[in-house]
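# Remarks on the overall topology
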Amino acid sequence: MKRKTIVILVSCLLIVLGVALTNSLFSNKEEKNLVINPVYWVLSDTHFISPELYDTGEAFEKIKKTSAGKELEYQKESLQALVDTALKEKPTGIIITGDLTLNGEKKSAEELASILYPLEENNIQCLVIPGNHDIQDGWAREFKENTSVKSSQISAADFKKIFDISYKYGTQQDDSSLSYLVNVNEDYQFLMIDTNIYSKLESTTSPRTKGEIKPETMRWIEKQLQKGQENQKETVVFMHHNLLKHNEVVYEGFVLNNNAELQNLLNEYHVSLVFSGHIHAKSVKKDKTQQIREVVSPSYSMTEQLYGELSLSSQKISYNKKRIDVDSWAKKEGLQDPNLLNYREFTKNLFVDDGEKMAYGQLIENGLYVEEDLDEAARFVGQANWRYFTGNNELSESEIVKLKSDKGYQVIKEWSPELNKYLDSIIKPVGNPDMFNIEITRK
């Protein structure tokens, strides 16, 4: 055989081997995370701020008082309790649907990734997507003594790099956003959608509350849904903003601007389950077709430290409400801080107090100064808020009648039509039997 012919044959063989190796590597990326009957923990809105960005001064005290019920001082411990619990129980993965940081501080994102990294080291996936507070947020601040100074913001490229523990699982990634697709197993795929509006440049303004999916991203989503259907995979969607209106009064800026377009697309490809966050309230709702259920996870940084356990089998999808017991974790760790040893009560009191402050402010502004009436109304709002945001508001008709006969409710009805309208939107009869436990049979 001539030397030239041998060279050509060897070259062809190397090309064939190279293609085979490439295909094998790609196949390994597609297949390495396939798990039979996977279990994922779903939570949202951790709003983590690195302890290195604040001290005990006046500036941070002011932020704590205006944090809308979020707990900011013991976040590292509560998140460590989450990670340690996961390391013990070993779910397939943990999913966080946005607002990972308080206000998009790069240092906060880096430290949060470090806290979560032991999950990756122990073969527990950590899948995250950004929220409206995470990318190019002009409110990113460091608080020292009585002043606040600008802190480094997170760019889209930063986010992807910092949370590479998540994006490494993206078998497909959108070029126009931080959206990506995760191949779970032969039966399921996760569509992690970036629904946020942010600039490519650093911002000097507050974060945009509203969300919208870009046309290019919408086309990318349809392509992934199409592939999933072709491969007979069930698609589960995760995003920050809400697909559906979960409250008749509070929804502006929380529901996607182009939610109808996404809803039609998801219905077309028979998507049955969507997870979101953003509104901080535990809620489950079906769309008008009764096909799509949307589960809104409450803020992990607030009262109860709730998450949902999502179990996937070839026959059905199950979802159950769970909570992290920070109190027991702190005791086991030998910690002495009473706020950590009684963290559940501590965070509940913070949240209830915030609702009470809102009531006091609004009623005084409307001209009510009778202390006893103010106290009764504030107490009522604080408790009603807690029930609603934690999902503990499955009320019977008789319970609602009793609540609305309460003196606090009657005071609000007389003095604040706006606050009364809001209360009526969160005090409703049982109409959602799968608030905490969902079962969807696969077709």
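Per the secondary structure count, the chain includes 15 helices and 15 strands. The globule rule puts the C-alpha radius of gyration for 443 residues at 22 Å, and the 24 Å found for the chain is close to it. A buried classification covers 53% of the 443 residues belonging to the chain. Long-range pairs, those at least 24 residues apart, make up 75% of the contacts in the chain between residues at least 6 apart in sequence. Total accessible area computed for the chain in this model is approximately 20900 Å², and 50% of it derives from carbon and sulfur atoms.

A grouping of Lys245, Lys285, Lys288 and Lys428 is seen on the molecular surface, where their side chains present a positively charged patch. By the element assignment, Lys428 lies in the loop between helix 15 (417-426) and strand 15 (437-441). A residue is classified by how much of its surface remains accessible, and Lys428, at 40% relative accessible area, is partly exposed.

Next up on the list: the environment of Asp187. Inspection of the secondary structure puts Asp187 in the loop between strand 7 (180-183) and strand 8 (188-192). For Asp187, a relative accessible area of 23% gives the class partly exposed. Expressed as a C-alpha distance, the spacing of Asp187 and Lys150, which sit 37 residues apart in the sequence, is 46 Å. Among all residues touching Asp187, those that are not within four sequence positions of it are Gln232, Lys233, Glu234, Ser314 and Arg442. A polar atom in the side chain of Asp187 sits 3.4 Å from the side chain of Arg442.

Here we come to the pairing of strand 10 (residues 273-276). Here strand 10 shows a buried face lined by Leu273 and Phe275 and a second buried face lined by Val274 and Ser276. As judged from the 3 bridges shared by strand 9 (residues 234-238) and strand 10, these two strands associate in the parallel manner. Paired with Val236 across the bridge in strand 10 is Leu273. Remark: the strand 9/helix 8 (residues 259-268)/strand 10 crossover connection has right-handed handedness. As paired elements, strand 10 and strand 12 (residues 293-296) share 4 bridges and run parallel to each other. Bridged to Ser276 within strand 12 is Val296.

Rules used throughout
Residues numbered from 1 in each chain as written. Predicted model: local features only at pLDDT ≥ 70, side-chain atom pairs only at ≥ 80, totals over all residues. Heavy atoms only, no water. Helix = DSSP H or I, 4+ residues; strand = E, 2+ residues; numbered from the N terminus. Rg over C-alpha atoms; globule rule 2.2 N^0.38 Å. Buried < 20%, exposed > 50% of the residue type's maximum accessible area, 1.4 Å probe, protein only. Contact = heavy atoms within 4.5 Å. Areas by Shrake-Rupley, 256 points an atom, 1.4 Å probe, with all protein chains shown as cover. Patch = residues over 30% accessible without salt bridge, like charges linked within 9 Å, V, L, I, M, F, W, Y side chains within 5 Å. Salt bridge = Lys/Arg side-chain N within 4 Å of Asp/Glu carboxyl O. Lys, Arg positive; Asp, Glu negative; His and termini not counted. Charge placed at Lys NZ, Arg CZ, Asp CG, Glu CD. Polar contact = N/O pair within 3.5 Å; in protein donor to acceptor, adjacent residues only side chain to side chain. Pairing = 2+ DSSP bridges. Right-handed = clockwise from strand over helix to strand, strands pointing away.

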